[in-house]
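Structural features, examined
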Amino acid sequence: MTTKFFRIFMLILLASVATFPQFASAMAEVTSFSQSTGTVAYQGNSVPGYVTFELKTSEPTRGHILAVGNGIQTKINLSSTDFKTVHKVDWVPWDDTKKVPLPAGEYQLKAYLSDQGYNQMQGYPLGKLTVVNETNPKPLIDQVSINPSVFAPKYGGTETVQIPFNLNRPAEVQLSIWQNGAEIYGGSKMKLLPGTHSVTWNGRDNAGRVVADGTYDVNFNFIELAYNYPATKQSSQKAGTVTIKDGDYNIPLWRVKQVVTDGVFTSDVISPDGDGINDTVSGQFTLAEPAKLSIYIANAAGAHMKNVITEQSFQAGTHTFTWDGTDFYGGKAVNGNYYIRVMLIEGASAGYISFTDNVRLEGGYEVKALQPEKRVRVVAEKAQLSVYPAGQGYTAVKGDTFPLISETVENGRYEVLVKEGVSGTINASDVELVVETVSPTVPNTAEYTVVSGDTLWKIAAKFNTTISEIVNLNNLDPNKYLFIGQKLKVPAADSPEPAPQPVIHTVQSGDTLWKIAQKYGTTIDAIIKANNLDPAKYLYIGQKLTIPSSTPTPEPPAVQPVVHTVVSGDTLWKISVKYATTIDAIVKANNLDPAEYLYIGQKLTIPR
């Protein structure tokens, strides 16, 4: 080839390349391009709010489309990493540089692509797109309905609320349930195309537990998925409300009863005074099937005093626990009656059952009302009390009355006796002081102490009166339970209270005549006479003793005491007989422990 011919060939080749500057050699070709609409608006209503582009090439490519017009150019990203032969994207008209919607006008669409051989396609014309202003923007989500708007999710049930909605633009959507400014439940995140969709909620929180009755906000969290849209964080749109009514917030009682069939204490009294006798008490519970439990000691107001078992799993059968008479803080509990309260745990749900069997704590400290008694009456429809221990909640209703422990109002609250052995505080604004009035027509009354098994009907029948009379005399709520040890006024004029039947005491380990007499408020001599005992002999475990009335026999006038020197063979019984006095009198005069032996030469003061 001559030099002249070669120069001519090169000039022709260069001219050919200059004629098609946008294509490199062997570049993939655009085989088709389509768009869902020629007119679009930002969050459109009368026109679409987004456009779908589909671009196909003969070889795998990546790159972007450039929208150019009105002195603006903005990218519509296709694929920046993966090479594809089919590119399909949804796009909202957005200025990616200024971070604002594109202004109205006409925009030219051009492709900028590269293939796997790094060949470039620069500014390949695809067509045009018209952007218009929208006077009535359409929200992302509309046409929401909530059905039913009120429902009652049940333990073990499949009840749900259906929430269909319409999605106007592609988005990642998540159902979110809120109450009082906090999210209760967040559903799964779903990437959805425009159209009709539906989600459900089963009335449970994020832990899977049925939520409490109340009204809840139904929200949709979302991120729009159209390319170049500014959102990278979730936005939220309230869709309405749903009300939970009569739902099973806790495991229902019928289910707890199926599992936990019994709970009892193995003795009647606990006196944690360190003497080795009744310092602790054992309890037992029975399960019909394997279960996970927490077990509490509860006071008369139902407040938890002590957690003796925490979330332990047990097999079916009878199991035991021990309580040492202390509260949550390790201090000795207040004197009073205590009960077994069991919490059944199944997954994220829990339910409680309280048993009526009780143990009485003695030897602790007393919580007493003012004397003479002064009471407050609840005037609010409902009043919330903070009760011992740990300020637990107790709800009172209008008309309830409570004895005052103190007349002083501290921080706007009265201190009251909620139940026997249970103190609490109540807002002074929720109560009024009860003014006691004495009616001349009120019959003569006697005091009666409630015992196990008593009801208003039984007490009324016993004293030949009516339930109404007892309710009026004591300002009672007839719908509430009586409690053991409760003091009631009963008519005494026509039907005096019958003499109480003797109590039978079964001797336990550690019992002495002194302790038994103290427990029942009687005397050693009365027990000896009632049971024809020899006081020099030991009691034995299981022995049955008749406990006579605690009404004391008047003592004869005291005379000058004499001093007795203990000799071999002396017992308190023999000495009391010798000096015509009582064992109790000798014990009290000499501050003796009747369980301890006398010693020869011991000097005893004998009251006469």
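Residues numbered from 1 in each chain as written. Predicted model: local features only at pLDDT ≥ 70, side-chain atom pairs only at ≥ 80, totals over all residues. Heavy atoms only, no water.

**Quick notes on the nonpolar core**
Within the largest apolar cluster, 33 residues are counted, with the highest numbers of intra-cluster contacts made by V260, L293, W323 and Y338. Those residues within four positions of V260 in sequence are excluded, and the remaining contacts are T286, L287, L293, V342, I353 and F355. (Core = buried A, V, L, I, M, F, W, Y, C linked by side-chain atoms within 4.5 Å. Buried < 20%, exposed > 50% of the residue type's maximum accessible area, 1.4 Å probe, protein only. Contact = heavy atoms within 4.5 Å.)

**Observations concerning unusual backbone geometry**
The omega torsion across N147 and P148 is 0°, close enough to zero to call that bond cis. As for its placement among the helices and strands, P148 is situated in the loop between β9 (141-142) and β10 (150-151). Residue P389 follows Y388 across a cis peptide bond; omega there is -5°. Within the secondary structure, P389 sits in the loop between β27 (382-387) and β28 (392-397). The residue Y118 is not glycine, and still its phi comes out positive at about 65°. (Helix = DSSP H or I, 4+ residues; strand = E, 2+ residues; numbered from the N terminus.)

**Let's talk about the sheet that holds β9**
Overall, antiparallel pairing links the three strands, which are arranged β9-β11-β15 in an open sheet. Every other strand in the sheet has two partners, leaving β9 and β15 (195-201) as the edge strands with one partner each. (Pairing = 2+ DSSP bridges.)

**Describing the packing of helix α5 (residues 513-520) against helix α6 (residues 524-531)**
Between α5 and α6, whose axes approach to 8 Å, the crossing angle comes to 105°. Accordingly, the angle class assigned to the pair α5 and α6 is roughly perpendicular. Taken together, the residues of α6 that come into contact with α5 (itself represented by L513, W514, I516 and A517) are I524, I527 and I528. (Axes fitted to C-alpha atoms, helices over the stretch in contact; angles between N-to-C directions. Parallel < 35°, antiparallel > 145°, perpendicular 65-115°, else oblique.)

**Describing the pattern of salt bridges**
When their charged atoms lie close together, side chains carrying opposite charge are able to pair. Applying the stated criterion across every chain, the model contains 12 salt bridges. For R169, the salt bridge goes to E224, with nearest N and O atoms at 2.8 Å. In this pair, R169 sits in the loop between β11 (161-167) and β12 (171-179) while E224 sits in strand β16 (residues 214-224), placing the two residues 55 residues apart along the sequence. Note on R169: relative accessible area 2%, which makes it buried. Between E407 and K374 there is a salt bridge, with the nearest N and O atoms lying 2.9 Å from each other. You can see E407 sitting in strand β29 (residues 401-410) and its partner K374 sitting in the loop between β25 (349-361) and β26 (375-378), a full 33 residues away along the chain. A single salt-bridge network, built from bridges that share partners, covers R255, E289 and E346. (Salt bridge = Lys/Arg side-chain N within 4 Å of Asp/Glu carboxyl O.)

Interpretation note: all reported values are geometric properties and have no functional meaning in isolation.
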